[in-house]
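Chain residues, written in single-letter form:
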Protein chains: 2
Amino acid sequence: MIAPLAPDMFDEICPSDLSPIRFGDKWTGMVMRCLEDGPRRFSELRVPLRGVTAKVLTKSLRSMERDGLVRRRVADRQVSYELTLLGRSMLAPMDAACAWAREHWDELLDAREGVPAER
Amino acid sequence: MIAPLAPDMFDEICPSDLSPIRFGDKWTGMVMRCLEDGPRRFSELRVPLRGVTAKVLTKSLRSMERDGLVRRRVADRQVSYELTLLGRSMLAPMDAACAWAREHWDELLDAREGVPAER
DNA sequence: ACGCGTGGTATCCGTTCGGATACCGGCTAC
DNA sequence: GTAGCCGGTATCCGAACGGATACCACGCGT
């Protein structure tokens, strides 16, 4: 999941799974999108990311932290995550990838459907 | 591996492994770069992609074919692979990702080094 | 006849990924 | 005191990923 694509970027069956472009692990792209409007708390992140377990989200956030994309803050006994400048700068290539995916949506769809089944 | 980065994109320890941006599976990005100047035969691809086994390369190429990025041709008893128009169009977001990685190389490096070890 | 290059396939194997489930300490509300 | 939320951790599990190795049919050169 890399970008807000119709019908819903956070759908159970995510439309942008069609795109071969990936940012970090399974949840990184969505976390980025959740954080682009400002810091969010751990449990706030779990709401739009339906189905992510605490363990997996933690792991994802830790590796984003290790990569310098996200900063973890503890303030007033509350934990929140926010994009670093580096993380924020990665929104540009993400938008480029998203634009490409939207632009070539039909071709991506056709390619998959053109394949009979497993081969 | 997503782009020609110093010192060598095909190095055993690939410098662009630092970037969290991925195109397809492990070899897809490199295959794209190998094909951008024209069609290549199966064994031609194995040369720059040091270490890839036939099985893994085949699997990678098949999934790129399924995604519509690559076309497999058999002509005169020779097999060659070439980028489709869709595949060629994906070079744009790849270049964007590559530019981002080059631009933020130091930050990416610092982020990794700032981490004591495993946590 | 034999070996070699091409373009794979089949099988096995260890690692990683992501999910399910259970549990935890610290704090708050009732 | 006990129930609930918060922000996790620990353990187990099946599936997928990627590499190693062996093998294969086919054509070519000599």
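Predicted model only: the values in this text are computed from it and were never measured. Numbering of residues starts from 1 in every chain and runs along the sequence as written. Key to labels: chains lettered from A, ligands numbered from 1, both in the order written. Local features in this predicted model are restricted to residues whose pLDDT is 70 or higher, and side-chain atom pairs enter the listing and the counts only when it is 80 or higher, whereas totals over whole chains, interfaces and linings include all residues. Each side-chain value is derived from all of the structure's non-hydrogen atoms; neither hydrogens nor water enter the calculation.

A. Region of the structure containing the protein's contact with DNA strand C. Near is defined per residue: the residue qualifies when any heavy atom it owns lies within 4 Å of the molecule or strand. In the vicinity of DNA strand C there are 17 residues, among which Lys26 and Lys55 of chain A together with Ser43, Arg72 and Tyr81 of chain B approach most closely. N or O atoms closer than or at 3.5 Å make up a polar contact, with two conditions inside protein: a donor-capable atom paired with an acceptor-capable one, and, for residues adjacent in sequence, both atoms drawn from side chains. Between DNA strand C and Ser43 of chain B, the relevant distance is 2.4 Å, taken from a phosphate oxygen to a side-chain nitrogen or oxygen of the residue. Numbering of helices and strands runs from the N terminus; a helix is a DSSP stretch of H or I covering at least four residues, while a strand is a stretch of E covering at least two. For the surface near DNA strand C, the elements supplying multiple residues, two or more each, are α3 (54–66) of chain A together with α2 (42–46), α3 (54–66) and β4 (78–83) of chain B. Taken together, the residues of the surface near DNA strand C break down into 6 nonpolar, 3 polar and 8 charged. Think of it as three bins: nonpolar holds Ala, Val, Leu, Ile, Met, Phe, Trp, Tyr, Cys and Pro, charged holds Asp, Glu, Lys and Arg, and polar takes everything else, Gly as well.

B. Summary view of the protein's contact with DNA strand D. Around DNA strand D, a shell composed of 17 residues is seen, among which Ser43, Arg72 and Tyr81 of chain A together with Lys26 and Lys55 of chain B lie nearest. Within 4 Å of the protein, the contacting atoms of DNA strand D are drawn from sugar and phosphate to the extent of 70%. Arg41 of chain A is positioned with one of its side-chain polar atoms (N or O) 3.2 Å from a sugar or linking oxygen of DNA strand D. One nitrogen or oxygen atom from the side chain of Trp27 of chain B is found 3.2 Å from a phosphate oxygen belonging to DNA strand D. Of all the secondary-structure elements, those providing two or more residues to the surface near DNA strand D are α2 (42–46), α3 and β4 (78–83) of chain A together with α3 of chain B. Looking at the surface near DNA strand D, the element that brings in the most residues is α3 of chain A, giving 4 residues. Per-class residue counts for the surface near DNA strand D are 6 nonpolar, 3 polar and 8 charged.

C. Spatial organisation of the sheet that holds strand β3 (residues 70–75) of chain A. All names here are of chain A. In spatial order, the strands read β2-β4-β3; together these 3 strands make up an open sheet with antiparallel pairing. What marks the edges here is a single partner per strand, and that holds for β2 (40–41) and β3. In what follows, a contact means two residues having at least one pair of non-hydrogen atoms within 4.5 Å. Every angle, taken between N-to-C directions, lies between 0 and 180 degrees, and every axis is a line fitted to C-alpha atoms, over only the stretch in contact when it is a helix. Against the sheet, helix α1 (residues 28–35) touches β2, β3 and β4, its axis set at about 100° to β4. Sheet contacts for α3: β3 and β4; angle to β3, the most-contacted strand, approximately 110°. Strand pairing is assigned whenever DSSP identifies at least 2 bridges connecting the two strands.

D. Up close: the pattern of salt bridges. Residue and element names in this part refer to chain B. Here a salt bridge means any side-chain nitrogen of Lys or Arg lying within 4 Å of a carboxyl oxygen belonging to Asp or Glu. A complete count under the given rule lists 14 salt bridges over all chains for this structure. Linking Arg33 and Glu36 is a salt bridge whose minimum nitrogen-to-oxygen distance equals 3.3 Å. By relative accessible area, which is 9% here, Arg33 ends up buried. Where Arg77 meets Asp76, a salt bridge forms, and the shortest distance between an N and an O atom there is 3.6 Å. With a 1.4 Å probe rolled over the protein chains alone, any residue whose accessible area is under 20% of its type maximum counts as buried; one over 50% counts as exposed, and the rest are partly exposed.

E. Highlighting the nonpolar core. Val31, Leu49 and Met90 of chain A together with Val31, Leu49 and Met90 of chain B are the most contacted members of the largest nonpolar core, which has 54 residues in total. Excluding residues that lie within four positions of it along the chain, Met90 of chain A makes contacts with Phe23, Met32 and Leu69 of chain A together with Pro20, Ile21 and Trp100 of chain B. Residues grouped as a nonpolar core are buried Ala, Val, Leu, Ile, Met, Phe, Trp, Tyr and Cys residues, joined through side-chain atoms within 4.5 Å.

F. Structural detail: helix α1 (residues 28–35) of chain B. Where burial is concerned, most of α1 of chain B is hidden: 8 out of the 8 residues are buried. Burial in α1 of chain B covers these residues: Thr28, Gly29, Met30, Val31, Met32, Arg33, Cys34 and Leu35 of chain B.

G. Representation of the side chain of His104 of chain B within the structure. Position of His104 of chain B among the secondary structure elements: in the loop between α5 (91–103) and α6 (105–113). What His104 of chain B contacts, discounting residues up to four positions off in sequence, is Leu86 and Ser89 of chain A.

H. Inspection of the sheet that holds strand β3 (residues 70–75) of chain B at higher detail. All names here are of chain B. Read across the sheet, 3 strands follow the order β2-β4-β3 without closing on themselves; strand pairing throughout is antiparallel. Both edges of this open sheet fall to β2 (40–41) and β3, since each of them pairs with a single strand only. As paired elements, β3 and β4 share 6 bridges and run antiparallel to each other. Counterpart to Ala75 in the pairing with β4 is Gln78. Here α1 sits on the sheet in contact with β2, β3 and β4, set at roughly 100° to β4. Along the sheet face, α3 touches β3 and β4 and points at about 110° away from the line of β3.

I. Representation of the interface of chain A and chain B within the structure. The interface is formed by 25 residues belonging to chain A together with 25 residues belonging to chain B. A salt bridge links Asp67 of chain A to Arg112 of chain B, with the shortest nitrogen-to-oxygen separation between them at 3.1 Å. Linking chain A with chain B are 9 residue pairs in polar contact (both at pLDDT 80 or more). The set of elements that each furnish at least two residues to the side of chain A that touches chain B consists of β1 (21–23), α3, α4 (85–89), α5 (91–103) and α6 (105–114) of chain A. Across the side of chain A that touches chain B, the residue classes tally to 13 nonpolar, 4 polar and 8 charged. By the bridge criterion, 3 bridges tie β1 of chain A to strand β1 (residues 21–23) of chain B in an arrangement that is antiparallel. Paired with Ile21 of chain A across the strands is Phe23 of chain B, a residue of β1 of chain B.

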